[in-house]
Amino acid sequence: MMQQSKIPNNSHIGDELLSERMDDLLAPAETRRVDDHLALCDECAARYAGLQATRAVLRSLRVDAAPRDFRLDIGEYSREKVVAIRPISRPQRWLSVAALICGLFLIAFGVFGTTALSTSNLDEVLRAPAASSAGGTNGCSTCTTNSAPQATHVPSAGMTSTNKTPQATSTAKTAQTPVPALTTAPANNAPPDRNFVPIIFITLGLFAMIAGGAGLFYTRPR
Amino acid sequence: MPPSSDALTPPQPEREDDLRDVIARAQRGDVAAFNILVERFQRVAFGVALRVVGDQDLAADVTQEAILAAYKALGRFRGGSFRVWLLRIVTNQCLDALRVRKRRPTISLDQLVAPADEERAGIAHEAALIDDAWDPVALAEQNELRAYVQQALLTLPEDQRIAVVLSDVEGLSYEEIATVTQTQLGTVKSRIARGRARLRDTLNQRPELLPRAYRHTSRADPPADTEQGTPGIPGRT
């Protein structure tokens, strides 16, 4: 099949074609056609000559030598290279993996473990006095009477046996009645300080996983 | 005798067969081996940088940064032409430098008082465009022409400028330029053609700067001293 000529009929040759002709990038047949056209067309010949002059002048812009030496200082860069290409050693990789595993455990414990603990042991301990308080006693082993002194042992926030705050005083005044808050508290209504436990575990786990992941995937500085 | 279209021999591509061992040693961290590569290619790196950014001090900085970047990235060199790989880094550094300069345009005092870059940089004073290399007038004209072309180069869009510099100043092949600029071959052809055409139009505004053999006129008005016809135009002898 005959190749279609890039030269449009009865018109001038484009600069791209002239540029390709100048660099001998055209097929022989196309080169002949361009040359035939240039032999007859003054305008295209002038543009072609202009391109040739431009290329010749550009070649004269070639620099003979660099103005200074760009070689690197061996003493300075040898050390940097040694540090740069040193791969992460094996113990560091194991540390990263260990940190990842620890992180996973911490997060798992934060999510499931603390909930399990709070519903089993902790709340059982807290429920115990409530169960025995049905008969009028508060169930506290340190209390020997059923009267007012029990108020000092109510595990309420902001009250200790030695610190008689106004809150403690008011509790003491109403100590004749059982403490309903303890007997009916569900597991998920834990005091605020206990709600922080899973968050702390999860946060620590996330930190460990980020550190482990960074150590594992950050292999070699460039 | 008028010069032909190849009056200036195109730069020969540098063979790199002997560099494999040197490159391998450099990749293992041997700075001395890397310096052999620098010694071999610093001229072309600086030459490209100078023509692309148009300022000798900036070009030297760009070259140094490019060489340092090449040293740090040598582990990623996966064979092929080291010159092409280095020029890719150099052109990227040039573009970065031009971007910075565009944001913070400055004119150094050196530029205002120092002689032209051509004279300071040890630029080639090739005699190919002039008949007598020792003719001071001709030499001065040639310097003026170079300065004019350099200014014209700086008016080109960056992609065309890089393509033209790599092709016509440093003599890289179209395939090599495509690798350096990470573009298609057709794009390279187009950029070079458009860049050359724009430079030609700029040169045509100062035809007196061109060597007489390249001042083309129509056949109806032939140049007085070129009775043999226009140089390099096929079919016109």
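Everything numeric here is computed off the predicted structure, so don't read it as measured data. (Residues numbered from 1 in each chain as written. Chains lettered and ligands numbered in written order. Predicted model: local features only at pLDDT ≥ 70, side-chain atom pairs only at ≥ 80, totals over all residues. Heavy atoms only, no water.)

**Q** Outline the packing of aromatic side chains, listing residues and values.
**A** All names here are of chain B. Within this structure, the stated rule accounts for 7 aromatic pairs over all chains. Each residue in the set Phe41, Phe77, Phe82 and Trp85 is aromatic and connected to the rest through ring pairs, giving one cluster. We note arginine 206 situated over the ring of tyrosine 148; from NZ or CZ to the ring centre the distance is 5.2 Å. (Phe/Tyr/Trp six-rings, centres within 6.5 Å; stacked < 30°, edge-to-face > 60°. Lys NZ or Arg CZ within 6 Å of the ring centre and 35° of its normal.)

**Q** Describe in detail the packing of helix α3 (residues 42–59) of chain A against helix α10 (residues 185–204) of chain B, supporting the description with residues and values.
**A** Their axes nearest at 9 Å, the elements α3(A) and α10(B) cross at an angle of 95°. Classified by the interaxial angle, the pair formed by α3(A) and α10(B) is roughly perpendicular. In this structure, α3(A) contributes A:Arg47, A:Gly50, A:Leu51, A:Thr54, A:Arg55 and A:Leu58 to the contact, and α10(B) contributes B:Arg196, B:Ala197, B:Leu199, B:Arg200 and B:Leu203. Of the residues assigned to the contact of α3(A) with α10(B), the class counts are 5 nonpolar, 2 polar and 4 charged. (Axes fitted to C-alpha atoms, helices over the stretch in contact; angles between N-to-C directions. Helix = DSSP H or I, 4+ residues; strand = E, 2+ residues; numbered from the N terminus. Parallel < 35°, antiparallel > 145°, perpendicular 65-115°, else oblique. Contact = heavy atoms within 4.5 Å. Nonpolar A, V, L, I, M, F, W, Y, C, P; charged D, E, K, R; others polar.)

**Q** Help me get a handle on unusual backbone geometry, residues and values and all.
**A** You will see that A:Asp24, though not glycine, has its phi angle at about 55°, which is positive. Although it is not a glycine, B:Gln182 adopts a positive phi angle of roughly 55°. Mapped onto the fold, B:Gln182 is located in the loop between α9 (174–181) and α10. Residue classification places B:Gln182 among the exposed residues on the basis of a relative accessible area of 56%. (Buried < 20%, exposed > 50% of the residue type's maximum accessible area, 1.4 Å probe, protein only.)

**Q** Kindly report on the confidence of the model for chain B, identifying the contributing residues and their values.
**A** Residue and element names in this part refer to chain B. Residue-level pLDDT values for chain B average 80, and 71% of them are 70 or greater. This model gives residues 1–8 a pLDDT under 50, and the stretch forms 18 contacts once residues within four places in sequence are excluded. Overall, residues 218–230 carries pLDDT values under 50, and its contacts beyond four positions in sequence, including any with other chains, amount to 16 contacts. Complex prediction metrics read pTM 0.60 and ipTM 0.78. (pLDDT = per-residue confidence, 0-100.)

**Q** So, the nonpolar core: which residues are in play, and what are the values?
**A** By size, the foremost hydrophobic cluster in this structure holds 72 residues, and its most contacted members are B:Phe34, B:Leu37 and B:Phe82. Residues in contact with B:Phe82, not counting those within four places in the same chain, are B:Glu16, B:Ile23, B:Phe34, B:Leu37, B:Phe41, B:Leu74 and B:Phe77. (Core = buried A, V, L, I, M, F, W, Y, C linked by side-chain atoms within 4.5 Å.)

**Q** Could you give an account of the environment of B:Thr63, naming the residues involved and the relevant values?
**A** Here B:Thr63 shows up in helix α3 (residues 56–72). In this structure, the C-alpha to C-alpha distance between B:Thr63 and B:Ile89, residues 26 residues apart in sequence, is 9.3 Å. With near-sequence residues (within four places) excluded, B:Thr63 lies in contact with A:Phe70, B:Gln42, B:Ala45, B:Phe46 and B:Ala49. A polar contact is formed between the side chain of B:Thr63 and the backbone oxygen of B:Ala59, at a distance of 2.6 Å. (Polar contact = N/O pair within 3.5 Å; in protein donor to acceptor, adjacent residues only side chain to side chain.)

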